[in-house]
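One letter stands for each residue in the lines below.
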Protein chains: 2
Amino acid sequence: MTARRHDPDRRDRIIDAALAVIAEGGVAGTSHRRVADRAGVPLGSMTYHFTSMEELLHESFTRFAERISERFAARLSAVSNPSQLASAIVDLVHSDLVEGPDDLVLTLELYTLAARKPAFRQITHDWMRRSRDVLEQHVDAKTAHKLDALIEGLFIHVSLDATPHGRDVTRDAVLRFLSS
Amino acid sequence: MTARRHDPDRRDRIIDAALAVIAEGGVAGTSHRRVADRAGVPLGSMTYHFTSMEELLHESFTRFAERISERFAARLSAVSNPSQLASAIVDLVHSDLVEGPDDLVLTLELYTLAARKPAFRQITHDWMRRSRDVLEQHVDAKTAHKLDALIEGLFIHVSLDATPHGRDVTRDAVLRFLSS
DNA sequence: GGAGGATGTGTACGTTCGTACATATCGACA
DNA sequence: TGTCGATATGTACGAACGTACACATCCTCC
């Protein structure tokens with residue numbers, strides 16, 4: 001009812017700061033103190049708002065996955081034919097990456113966590129389901145499955161391979177799944 | 001010329017121990033002490049054989065990537081037609097994973113490191129080039145590129161998605177790239 | 001306006017860490 | 001056999017960590 005003593009989005013800022021710190025130094029290099037410094041809050045605030053580091057990481061990655069999903073949906077909602085869909089996907093794979101290398105790092109950090117801790121796997125599950133839902137607005141379910149995996153692999157290989165991956169190769173790969 | 005004071009594969013054992021520790025607790029949870037305990041060597045041995053943690057990680061992941069590459073090559077060297085190739089790839093994506101979940105964890109830990117530190121990207125570069133070389137024994141270069149990325153994406157999605165990925169869907173996806 | 005609960009903070013404790021380095025052990029060779 | 005590098009180890013130090021918790025601050029309601 002009344003204004004909180006301090007900013008009510010203190011928690012939000014901590015989560016955003018956590019994502020920035022993770023992108024910079026990885027989960028390995030993330031500590032309460034570093035996140036607190038980045039968010040401009042006292043150390044005590046960390047344990048007050050989050051009972052453990054794991055809870056903070058979980059909430060941070062949940063927010064991250066939702067953001068990426070929203071962008072994915074926004075990019076693909078505008079297309080109306082297979083050719084446009086292919087172009088949109090090629091853009092996602094080749095351009096988004098250049099804009100935000102942090103996204104690659106955060107994605108991989110999340111996958112790594114999910115591979116080891118089941119608690120984080122729910123985040124990847126939901127993320128992948130949302131991606132498929134978006135793709136299923138344009139293609140059938142099985143194709144959506146394949147396309148989603150292909151996009152994942154292309155994104156990683158374009159990012160971590162020295163050999164340049166041409167947009168034409170990516171486009172051709174996508175179109176192979178789109179043709180009936 | 002003469003036998004070393006101690007076992008000459010002390011270094012090797014440390015590297016293997018490091019991989020075990022990384023698989024268990026991630027790069028984040030890897031320390032000199034833990035690796036030393038696992039390898040059965042004194043703490044002093046760590047800094048003696050490796051000037052830094054980063055050097056140990058680099059050598060460990062190099063060895064890991066080479067091992068996976070060898071297995072990949074062994075699996076694919078025996079095939080002689082597209083159908084067999086598809087079956088071999090489906091096996092790689094669906095079965096290897098069940099055998100060794102550690103491989104997934106280590107792969108993702110490496111990718112995460114590579115995404116942030118260029119020094120580790122050389123390892124992924126070499127790994128991906130070796131994979132393509134193997135694939136190019138069966139298909140043309142562009143197809144090898146696409147297939148390699150597809151395998152990557154399928155592997156990750158089969159591992160981190162709750163929705164089951166049928167082998168038939170994987171096989172169909174692979175065959176789409178194999179058909180001329 | 002004062003009591004008391006909710007909200008937020010500063011600090012201190014015990015642990016673990018990477019690293020340095022003095023010391024110990026051994027093999028090679030005179 | 002005795003000496004001298006090379007090889008290897010144990011230990012100690014300062015820094016950073018997660019967490020607990022006593023304390024401060026503020027809002028609400030009587």
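From a predicted model like this one, the values you see are computed outputs, not experimental measurements. (Residues numbered from 1 in each chain as written. Chains lettered and ligands numbered in written order. Predicted model: local features only at pLDDT ≥ 70, side-chain atom pairs only at ≥ 80, totals over all residues. Heavy atoms only, no water.)

**Focus: the overall build of chain A**
- The helix and strand tally for chain A stands at nine helices and zero strands.
- Starting at the N terminus and ending at the C terminus, chain A contains elements arranged as α-α-α-α-α-α-α-α-α.
- Overall, the C-alpha framework of chain A stretches about 60 × 45 × 30 Å when taken along its three principal axes.
- In chain A, which comprises 180 residues, the share counted as buried stands at 52%.
- Carbon and sulfur atoms make up 51% of the accessible area of chain A, which totals about 8,400 Å².
- When the 23 basic and 26 acidic side-chain charges of chain A are each reduced to a single mean position, those positions are 4 Å apart. (Helix = DSSP H or I, 4+ residues; strand = E, 2+ residues; numbered from the N terminus. Buried < 20%, exposed > 50% of the residue type's maximum accessible area, 1.4 Å probe, protein only. Areas by Shrake-Rupley, 256 points an atom, 1.4 Å probe, with all protein chains shown as cover. Lys, Arg positive; Asp, Glu negative; His and termini not counted. Charge placed at Lys NZ, Arg CZ, Asp CG, Glu CD.)

**Some points on the packing of helix α1 (residues 10-25) of chain B against helix α4 (residues 53-77) of chain B**
Residue and element names in this part refer to chain B.
- The geometry of α1 relative to α4 is characterised by a closest axis approach of 9 Å and an angle of 85 degrees between their N-to-C directions. Overall, the two elements α1 and α4 adopt an arrangement that is roughly perpendicular. Across the interface between the two elements, R11, D12, I14, I15, D16, A18, L19 and I22 of α1 pack against E55, L56, L57, E59, S60, F61, R63, F64 and R67 of α4.
- Grouping the constituent residues of the contact of α1 with α4 by class yields nine nonpolar, one polar and seven charged. (Axes fitted to C-alpha atoms, helices over the stretch in contact; angles between N-to-C directions. Parallel < 35°, antiparallel > 145°, perpendicular 65-115°, else oblique. Contact = heavy atoms within 4.5 Å. Nonpolar A, V, L, I, M, F, W, Y, C, P; charged D, E, K, R; others polar.)

**What to know about the domain arrangement of chain A**
Residues and elements named next belong to chain A.
- If you check the domain split of chain A, you get domain 1 (1-50) and domain 2 (61-178).
- Placing the centre of domain 1 and that of domain 2 at their C-alpha centroids yields a distance of 28 Å.
- Contact with domain 1, which involves eight residues of that partner, is made by nine residues of domain 2.
- Of the roughly 750 Å² buried at the junction of domain 1 and domain 2 (both faces included), carbon and sulfur atoms supply 65%. (Domains from an automatic or database assignment. Buried area = accessible area lost by both parts, 1.4 Å probe.)

**Regarding the packing of aromatic side chains**
Residues and elements named next belong to chain A.
- Per the counting criterion, the structure on display carries five aromatic pairs over all chains.
- Judged by centre distance (6.0 Å) and plane angle (45 degrees), the ring pair of Y111 and W127 falls under tilted. Pair noted here: Y111 is in helix α6 (residues 101-116) and W127 is in helix α7 (residues 118-135), with a separation of 16 residues, a long-range link. Judged on exposure class, the residue Y111 and its partner W127 are both buried.
- Ring pairs connect the aromatic residues F64, Y111 and W127, which therefore count as one cluster. (Phe/Tyr/Trp six-rings, centres within 6.5 Å; stacked < 30°, edge-to-face > 60°.)

**A look at the nonpolar core**
- Grouped together as the largest cluster of nonpolar side chains are 97 residues, with contacts concentrated most on F61 of chain A together with F61 of chain B.
- Aside from chain neighbours lying at most four places away, what touches F61 of chain B is L19, I22, V27, L106, E109, L110, L113, F120 and I123 of chain B. (Core = buried A, V, L, I, M, F, W, Y, C linked by side-chain atoms within 4.5 Å.)

**Notes on the relation of the copies chain A and chain B**
- Note on the identical chains: chain A maps onto chain B by a rotation of 180 degrees and an axial translation of 0.0 Å, with an RMSD of 0.0 Å. The transformation relating the two chain copies, once decomposed into turn and shift, fits a two-fold axis.
- Here 100% of the contact residues of chain A are again contact residues in chain B; the copies associate through an equivalent surface. (Least-squares fit on C-alpha atoms with pLDDT ≥ 70 in both.)

**Side note on the interface of chain A and chain B**
- With 46 residues of chain A in contact, the opposing surface of chain B contributes 46 residues.
- Of the roughly 3,800 Å² buried where chain A meets chain B, counting both sides, 64% is carbon and sulfur surface.
- Seen at the junction of chain A and chain B, the total is eight salt bridges.
- K146 of chain A is the partner of D172 of chain B in a salt bridge, and the nearest nitrogen-oxygen pair spans 2.2 Å.
- Counting the contacts that link chain A with chain B gives 24 residue pairs in polar contact (both at pLDDT 80 or more).
- Those elements that place two or more of their residues in the side of chain A that touches chain B are α1 (10-25), α6, α7, α8 (141-160) and α9 (167-178) of chain A.
- Here the side of chain A that touches chain B takes 13 residues from α8 of chain A, the largest share from any one element.
- Considered class by class, the residues forming the side of chain A that touches chain B number 20 nonpolar, 13 polar and 13 charged. (Salt bridge = Lys/Arg side-chain N within 4 Å of Asp/Glu carboxyl O. Polar contact = N/O pair within 3.5 Å; in protein donor to acceptor, adjacent residues only side chain to side chain.)

**Description of the pattern of salt bridges**
All names here are of chain A.
- Evaluated as defined, the whole model comprises 28 salt bridges over all chains.
- D16 is paired through a salt bridge with R67; the nearest N and O atoms lie 2.7 Å apart. Taken as a pair, D16 in helix α1 and R67 in helix α4 (residues 53-77) lie far apart in primary sequence, 51 residues in all.
- Here R71 makes a salt bridge to D103, at a shortest N to O gap of 3.0 Å. In this pair, R71 is assigned in helix α4 and D103 in helix α6, connecting sequence segments 32 residues apart.

**Details of α4 of chain B**
- If you check α4 of chain B, its first and last C-alpha atoms are 36 Å apart, about what 25 residues at 1.5 Å a residue would give, namely 36 Å.
- Regarding α4 of chain B, the residues found buried are L56, L57, S60, F61, R63, F64, A65, I68, S69, F72 and L76 of chain B. (Expected span 1.5 Å × (residues − 1).)

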